[in-house]
Amino acid sequence: MKTIIYTHKDFKLPNLNLGEKIIFGLGDCTLSSTYTNTEIIYESVFKNRLNPQKAYCELSGLYSVINNIKIKDEEIINFAHYRRYLSSKKKNICFDSFENDLRKYKFIVPKKINLLLREPKNFIERGFLKASIEDHYIYNHIKEDWYCLINVLKDKMPQFHKEIEEFRWKKQLIPYNILCAKFIGIKKYGERFFGILH
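Residues numbered from 1 in each chain as written. Predicted model: local features only at pLDDT ≥ 70, side-chain atom pairs only at ≥ 80, totals over all residues. Heavy atoms only, no water.

Participant: I tried to follow a nonpolar patch on the surface on my own but got confused; where do I start?
Facilitator: Residues Phe107, Val109, Ile174 and Tyr189 make up a contiguous nonpolar surface patch of roughly 330 Å² in combined accessible area. Tracing the sequence through the fold places Val109 in the loop between strand 7 (107-108) and strand 8 (113-114). (Patch = residues over 30% accessible without salt bridge, like charges linked within 9 Å, V, L, I, M, F, W, Y side chains within 5 Å. Areas by Shrake-Rupley, 256 points an atom, 1.4 Å probe, with all protein chains shown as cover. Salt bridge = Lys/Arg side-chain N within 4 Å of Asp/Glu carboxyl O. Helix = DSSP H or I, 4+ residues; strand = E, 2+ residues; numbered from the N terminus.)

Participant: Teacher, can you tell me more about the environment of Ile108 here?
Facilitator: You can see Ile108 is positioned in strand 7. Considering only alpha carbons, one finds Ile108 and Phe98, 10 residues apart in sequence, at a separation of 7.8 Å. Dropping the residues within four chain positions of it, Ile108 is found in contact with Leu86, Phe98, Asp101, Leu102, Leu179 and Cys180. (Contact = heavy atoms within 4.5 Å.)

Participant: I tried to follow the packing of helix 4 (residues 133-140) against helix 5 (residues 143-156) on my own but got confused; where do I start?
Facilitator: Geometry of a packed helix pair, given as the angle between the helix axes and the separation of the axes. Between helix 4 and helix 5, the least distance of the axes is 7 Å, while the angle of their chain directions is 140°. Considering the angle they form, helix 4 stands oblique to helix 5. Residues Ile133, Glu134, Tyr137 and Ile138 of helix 4 form the contact with helix 5, whose own contacting residues are Lys143, Asp145, Trp146 and Tyr147. Taken together, the residues of the contact of helix 4 with helix 5 sort by class into 5 nonpolar, no polar and 3 charged. (Axes fitted to C-alpha atoms, helices over the stretch in contact; angles between N-to-C directions. Parallel < 35°, antiparallel > 145°, perpendicular 65-115°, else oblique. Nonpolar A, V, L, I, M, F, W, Y, C, P; charged D, E, K, R; others polar.)

Participant: What am I meant to see in the packing of aromatic side chains here?
Facilitator: The geometry of an aromatic ring pair comes down to the distance between the two centres and the angle between the two planes. Throughout the structure, instances matching the rule amount to 7 aromatic pairs. Ring geometry for Tyr137 and Trp146: centres 5.4 Å apart, planes at 35°, overall tilted. Take Tyr137: its relative accessible area is 27%, and that puts it in the partly exposed class. (Phe/Tyr/Trp six-rings, centres within 6.5 Å; stacked < 30°, edge-to-face > 60°. Buried < 20%, exposed > 50% of the residue type's maximum accessible area, 1.4 Å probe, protein only.)

Participant: Before we go on, may I ask you to explain the packing of helix 5 against helix 6 (residues 161-168) in this structure?
Facilitator: Relative orientation of the contacting elements helix 5 and helix 6 amounts to 160°, with a least axis distance of 10 Å. Taken together, the axis directions place helix 5 and helix 6 in an arrangement best described as roughly antiparallel. In this structure, helix 5 crosses over helix 6, and the sense of that crossing is right-handed. On helix 6, the residues touching Trp146, Tyr147, Ile150, Leu153 and Lys154 of helix 5 are His161, Ile164, Glu165, Phe167 and Arg168. Looking at the contact of helix 5 with helix 6, its residues break down into 6 nonpolar, 1 polar and 3 charged. (Left-handed = near helix turned anticlockwise from the far one by under 90°.)

And the structure:
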C-alpha cells in the first residue's frame with residue numbers, strides 16, 4: 001500500500017504503519033529517524049498545470065500520482081490529509097481490513113456528514129439548521145465560484161444534468177478529500193475529474 005499525504009503546512013508524521021509514504025505539499029514534515037519508505041515531494045509537485053498555491057495540495061497530489069508516479073493498477077493507494085486518516089477501526093487508526101474491503105467495494109471513503117450552516121445550540125435547532133451542499137458552500141465560500149462550477153459541470157457533462165441538480169440539494173456529503181482504492185480506480189476517477197478542468 002502507498003499512502004499519499006497532502007499538506008499545506010508544517011506537520012509531524014504520525015507513527016503509523018502507512019506502508020510506503022509520499023508527501024505532497026508546501027509545509028515541512030518532521031520525520032523521526034525510524035521512518036523508512038518515505039518520499040517527500042514539495043514545491044516540485046506544483047510544476048504541473050495547477051498553480052503553486054497551498055489550497056491546491058490535494059489536486060496537485062492527485063494529478064501527480066496519476067500522471068507522474070509509476071504505480072501498478074492493482075496497488076492500493078490511500079489518500080490522506082496531514083491530520084486526517086481513514087481507519088477500519090473506530091478508536092485506533094488501522095488499515096487491516098482495507099485489502100479485503102476493496103475486494104467488495106471500489107472505494108473506501110469517510111462516513112457522510114450532515115451539513116449545517118452553523119453549530120446548533122441544541123438538539124431542536126439541529127433539525128432546522130440542515131443545509132444543502134449548495135447552501136453550505138455559498139455560506140462558507142464564494143458563491144460565484146459555486147455557480148461557475150455548476151455551469152462548467154452542466155456544459156461538460158450535459159448527460160448528467162439530473163444528477164448535478166440532485167447533488168446541489170443533497171443535505172449530506174463525504175468530507176475531507178481522503179479515500180482509499182486500487183490505483184486503477186484512482187486513475188479513472190482522476191481522468192474524469194481532470195477532464196472537467198481542461
